[in-house]
Amino acid sequence: MNASIDTAHIQALDSAHFLHPFTDFKDLQGRGARVISHADGIYVWDSEGHRILDGMSGLWCVNAGYGRRELADAAHQQMMTLPYYNSFFQTTNVPAVQLAAKLASLAPDVGDRSFQHVFYSSSGSESNDSNVRMVRRYWDLLGQPQRKVIISRLNAYHGSTMAGASLGGMSGMHAQGDLPIPNITHIGQPYFFENGLPGESAEEFGVRAAGWLEEKILSVGPDKVAAFIAEPVQGAGGVIIPPDSYWPEIQRIVDKYGILLISDEVICAFGRLGHWFGYEKFGYKPDLVTFAKAITSGYIPLGGVMVGNRVAKVLIEQGGEFNHGYTYSGHPVACAVGLANVALMEREQLPQRVHGDIGAYFAQRFAELNEHPLVTAAETCGFVAGMVLIKDKRAGTRFAEQDAVGMVCRAHCFGSGLVMRAVGDRMIIAPPLTMSRADIDEMMRLIYLALDLTHAELRAKGLA
Ligand SMILES: *Cc1c(COP(=O)(O)O)cnc(C)c1O
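Conventions adopted
- Residues numbered from 1 in each chain as written.
- Predicted model: local features only at pLDDT ≥ 70, side-chain atom pairs only at ≥ 80, totals over all residues.
- Heavy atoms only, no water.
- Domains from an automatic or database assignment.
- Contact = heavy atoms within 4.5 Å.
- Buried area = accessible area lost by both parts, 1.4 Å probe.
- Salt bridge = Lys/Arg side-chain N within 4 Å of Asp/Glu carboxyl O.
- Polar contact = N/O pair within 3.5 Å; in protein donor to acceptor, adjacent residues only side chain to side chain.
- Helix = DSSP H or I, 4+ residues; strand = E, 2+ residues; numbered from the N terminus.
- Pairing = 2+ DSSP bridges.
- Axes fitted to C-alpha atoms, helices over the stretch in contact; angles between N-to-C directions.
- Core = buried A, V, L, I, M, F, W, Y, C linked by side-chain atoms within 4.5 Å.
- Buried < 20%, exposed > 50% of the residue type's maximum accessible area, 1.4 Å probe, protein only.

### Observations regarding the domain arrangement of the protein chain
Step number 1: Per the domain assignment, the segments of the protein chain are domain 1 (34–67 + 356–460) and domain 2 (73–348).
Step number 2: Once you take the C-alpha centre of each, domain 1 and domain 2 turn out to be 27 Å apart.
Step number 3: Counting residues at the interface gives 31 residues for domain 1 and 28 residues for domain 2.
Step number 4: Taken together, the two surfaces of domain 1 and domain 2 that pack against each other cover about 2100 Å², and 63% of this comes from carbon and sulfur.
Step number 5: Contact with domain 2 buries area across many residues of domain 1, yet Trp 60, Cys 381 and Arg 426 alone supply 28% of it, more than any other trio.
Step number 6: At the junction of domain 1 and domain 2, the tally comes to one salt bridge.
Step number 7: Residue Arg 398 pairs with Glu 194 through a salt bridge whose shortest N-O separation is 3.0 Å.
Step number 8: For the pair domain 1 and domain 2, the interface holds 13 residue pairs in polar contact (both at pLDDT 80 or more).
Step number 9: Within the residue set of the side of domain 1 that touches domain 2, elements represented by two or more residues are α3 (57–60), β11 (375–381), β12 (384–392), β15 (421–423) and β16 (426–429).

### Observations concerning the sheet that holds strand β8 (residues 260–264)
Step number 1: Across the sheet, which stays open at both edges, the seven strands sit in the order β4-β10-β9-β8-β7-β5-β6 with mixed pairing between neighbours. With one partner strand each, in any of the chains shown, β4 (115–121) and β6 (184–187) form the two edges of the open sheet. Taking each pair of neighbouring strands and ignoring which way they run, the sheet shows an average axis angle of 25°.
Step number 2: Judged from the six bridges that link them, β4 and strand β10 (residues 303–308) form a sheet pairing that is antiparallel. Along β10, the bridge assignment pairs His 117 with Val 307.
Step number 3: Along the sheet face, helix α10 (residues 202–220) touches β5 (149–153), β6 and β7 (225–230) and points at about 145° away from the line of β6.
Step number 4: Together, β4, β8, β9 (288–291) and β10 form the strand contacts of helix α13 (residues 309–318), whose direction differs from that of β10 by roughly 90°.

### Looking at the nonpolar core
Step number 1: Formed by 110 residues in total, the largest nonpolar core has its most connected members in Phe 228, Phe 270, Phe 366, Met 387 and Ile 447.
Step number 2: Two domains each donate at least three residues to this core, and these are domain 1 (34–67 + 356–460) and domain 2 (73–348).
Step number 3: Once residues lying within four places of it in the same chain are set aside, the contact partners of Met 387 are Phe 366, Leu 369, Val 375, Thr 376, Ala 377, Ala 378, Met 420, Asp 425, Arg 426, Met 427, Ile 447 and Leu 451.
Step number 4: Of all hydrophobic cores here, the second largest spans 23 residues; its members include Leu 141, Ala 226, Val 305 and Val 307.

### Considerations on the side chain of Gln 251
Step number 1: Among the secondary structure elements, Gln 251 is positioned in helix α11 (residues 246–257).
Step number 2: Only 2.7 Å separates the side chain of Gln 251 from the backbone nitrogen of Lys 285, close enough to count as a polar contact.
Step number 3: Beyond its immediate chain neighbours, meaning those up to four positions away, Gln 251 contacts Arg 113, Leu 261, Tyr 284 and Lys 285.

### As for the sheet that holds strand β2 (residues 43–46)
Step number 1: A sheet is described by the order of its strands in space; here four strands give the open sequence β1-β2-β3-β14, paired in mixed fashion. Edge positions in the sheet fall to β1 (36–40) and β14 (418–419), since each of these pairs with one other strand and no more.
Step number 2: Contacts between helix α18 (residues 437–460) and the sheet are confined to β2, β3 (51–54) and β14, with β3 contributing the most and set at about 110° to the helix.

Dropping the structure here:
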């Protein structure tokens with residue numbers, strides 16, 4: 001299958017012409033990128049013939065696994081029927097309408113928030129830009145144009161456009177490009193392992209961490225705050241799973257001050273947490289829900305915002321043009337693939353199996369990692385999971401940043417035939433939702449192998 005790929009040639013062309021995202025260009029030129037040539041099920045192969053279990057579902061998106069013919073067929077069929085038409089000038093297309101109606105039927109009503117409307121984009125970043133525009137338009141229409149400030153969290157990931165990166169709480173991203181843009185501010189993240197106080201329970205910490213939102217609202221001025229944006233579980237920040245007490249307290253606070261709640265579910269929707277949408281897992285009531293990634297299982301770019309009726313009502317009833325949209329808003333091919341992907345997920349009950357016994361099995365196996373001498377705080381939430389690599393478990397001593405322990409472990413994962421991602425001293429994983437028990441066992445075998453090799457290397461260097 002790979003006979004036709006000349007790895008060295010592709011790597012040379014890659015170095016010569018392709019500037020990769022989130023990459024140290026100089027460093028990559030010295031190495032040559034790994035060429036991924038094909039994929040099937042839960043595995044990808046590189047051009048040298050190595051088979052790698054994809055524990056990250058691509059970038060948290062290939063929820064249905066690779067090689068799903070019906071998604072390719074849906075794209076092919078739609079391309080031959082209507083490959084493109086815009087929806088700017090009072091026109092529409094069948095897949096975009098059908099998918100919007102389908103999403104409205106999947107998103108459960110929560111109290112006075114029901115989700116009947118969808119605004120489309122092609123990515124998570126664009127969707128969050130749309131959120132900023134929509135939230136400010138909403139308050140303008142309500143005669144409160146001074147409500148401009150959007151509160152987010154440190155270490156959040158909301159994309160890489162100017163607004164997306166500003167909403168995100170990644171200091172490295174803010175440092176390049178004069179970010180954040182005005183009227184975006186951040187509070188701490190609900191990371192108990194790092195921010196919990198001695199003697200404080202996770203539940204106590206969750207309430208305290210949510211309290212940072214109220215403090216921020218009061219310091220900004222409650223009449224100036226437009227919205228709070230957060231991921232149900234912080235993904236790219238390292239799979240930070242909030243204590244159960246966190247989201248109810250956040251809900252109480254946003255309700256008290258009347259500010260909009262944006263749930264960025266680019267990772268957490270479409271079965272990842274065992275539900276169609278992430279807010280169902282934690283039982284809160286967002287006004288806007290950002291989606292992208294797994295809506296098409298990553299087979300084609302598509303994103304958007306589920307607009308709850310509190311916001312939609314104002315935008316629709318007040319009238320006036322919303323001066324915002326994208327060439328590819330409601331792209332017929334992307335929406336056709338989205339429809340096919342949702343149908344596949346319904347038929348195979350992917351959210352239900354993550355919610356049910358397969359998710360429970362993953363949780364149990366992953367928690368066993370806490371017995372490993374290098375691991376602490378290993379836990380899952382649906383089909384995302386994270387653990388901390390720890391230097392001295394008994395003393396609770398963490399590795400120093402320059403030990404780059406995550407990078408050491410990530411290299412051993414690749415070497416062992418597993419994709420797992422490193423975020424500082426955390427190792428994180430988000431496997432395809434199609435995994436069987438045997439697949440989970442195989443993934444765990446590879447995780448243990450990589451951890452043992454990492455431990456051996458760290459000991460040889462005198463670091464563990
Ligand atoms: C990936 C991600 C985004 C950005 O999506 P892109 O499609 O890369 O623009 C936004 N929010 C969250 C939570 C994400 O994980």
